[in-house]
Amino acid sequence: MNNFKLKTESKLVKRKLSDMSTMYLDQKAVKEVLTEDPLIYEFSTIKVPEENGHLLHCISKIYSGKIGSEYFMTKGHFHEVENTAEIYFTLKGNGKLVMQANNGDSKVINMKKGSISYIPPYWAHRTVNTGNEPLIFFCVYRGDAGHNYGIIEKNGMKKLIHEKNNKVVITDNPKY
Ligand code: S6P
Ligand code: ZN
């Protein structure tokens, strides 16, 4: 039944370092930077019913910066409805999409202006800004997907994205 009222009510979520302080590896650096508590990223969504058939969509903006040698990033999540796929379209900046399957496989994909990234069902995903300007992307996924931060919130993701000698490097998370 078509009972959706076409209106553009939006929601903006901001995440500061204090919202995700345990997720960075270098806890000494976290402690130092927490005195400023920088805004790491924000995302805005147009409110649609969180039901199958609707498409949730957002614009995410990750600021440029590092905590120790680790680049600013999103928390990362699985979806509650695990067989949810998602598409990202990068509008600005450079970064990495870090993905991790529930069988332990992991994959890191480049993001740059104009790139379309496909997140298959069952894969957790986190975005990392490796550039000097904000990384901005559009996302779209099924309305009833939900978010599951649980495992990622506890251990982070298997692959971490750092700067070393002015280069972007991918390292293994010692918590795995
Ligand atoms: C939603 C989609 C993005 C992220 C956003 C923030 O499924 O993947 O909108 O929510 O980039 O990331 P996170 O991990 O804090 O939800
Ligand atoms: Zn998602």
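Anything mentioned here points back to the structure above.
Below, the structure is looked at part by part. In this text the structure is predicted, and so the values were computed from the model without any measurement.

**With respect to the sheet that holds strand β11 (residues 135-142)**
Now for step 1: Spatially, the six strands line up as an open sheet ordered β1-β2-β3-β11-β6-β9, and their pairing is antiparallel. Two strands lie at the open edges of the sheet, namely β1 (10-16) and β9 (116-119), each paired on one side alone. Sheet twist, expressed as the average angle between the axes of neighbouring strands with direction ignored, equals 20°.
Now for step 2: As paired strands, strand β6 (residues 86-92) and β9 are joined by four bridges and run antiparallel to one another. In the strand pairing of β9, tyrosine 88 is matched with serine 117.

**Examining the coordination of the zinc ion (ligand 2)**
Metal coordination angles have textbook ideals: 109.5 degrees for a tetrahedral set of four donors and 90 or 180 degrees for an octahedral set of six.
Now for step 1: Protein coordination at the zinc ion (ligand 2): the donors are His77 (NE2), His79 (NE2), Glu86 (OE) and His125 (NE2), at 2.1 to 2.4 Å from the metal.
Now for step 2: Geometry at the zinc ion (ligand 2) is octahedral, judged from its six donor atoms and the angles of 70 to 179° they form at the metal.
Now for step 3: For the zinc ion (ligand 2), all donor residues lie on one chain, and their spacing in sequence is H-x1-H-x6-E-x38-H. In this pair, histidine 77 sits in the loop between β5 (70-71) and β6 while histidine 125 sits in strand β10 (residues 123-129), placing the two residues 48 residues apart along the sequence.
Now for step 4: For histidine 125, a relative accessible area of 1% corresponds to the buried category.

**Quick notes on the nonpolar core**
Now for step 1: Residues Leu17, Met20, Tyr24, Ile40, Ile67 and Tyr88 are the most contacted members of the largest nonpolar core, which totals 38 residues.
Now for step 2: Broken down by secondary-structure element, the contributors of at least two residues to this core are α1 (27-33), β2 (39-46), β3 (55-62), β7 (94-101), β10 and β11.
Now for step 3: If sequence neighbours within four positions are ignored, tyrosine 24 has contacts with Leu17, Val30, Ile40, Ile67, Glu70, Tyr71, Phe72 and Met73.

**Some points on the pattern of salt bridges**
Now for step 1: Inspection of every chain in the model, using the stated rule, returns seven salt bridges.
Now for step 2: Lysine 14 is the salt-bridge partner of glutamate 42, the closest N and O atoms lying 3.6 Å from each other. Within this pair, whereas glutamate 42 is found in strand β2, its partner lysine 14 is found in strand β1, the two being separated by 28 residues in sequence.
Now for step 3: For lysine 14, a relative accessible area of 48% corresponds to the partly exposed category.
Now for step 4: Between lysine 159 and aspartate 172 there is a salt bridge, with the nearest N and O atoms lying 2.4 Å from each other.

Rules used throughout
Residues numbered from 1 in each chain as written. Chains lettered and ligands numbered in written order. Predicted model: local features only at pLDDT ≥ 70, side-chain atom pairs only at ≥ 80, totals over all residues. Heavy atoms only, no water. Pairing = 2+ DSSP bridges. Helix = DSSP H or I, 4+ residues; strand = E, 2+ residues; numbered from the N terminus. Axes fitted to C-alpha atoms, helices over the stretch in contact; angles between N-to-C directions. Donors = N, O, S within 2.8 Å, 3.2 Å for Na, K, Ca; no water. Tetrahedral: all angles 85-135°; square planar, octahedral: opposite > 155°, others 65-115°. Buried < 20%, exposed > 50% of the residue type's maximum accessible area, 1.4 Å probe, protein only. Core = buried A, V, L, I, M, F, W, Y, C linked by side-chain atoms within 4.5 Å. Contact = heavy atoms within 4.5 Å. Salt bridge = Lys/Arg side-chain N within 4 Å of Asp/Glu carboxyl O.

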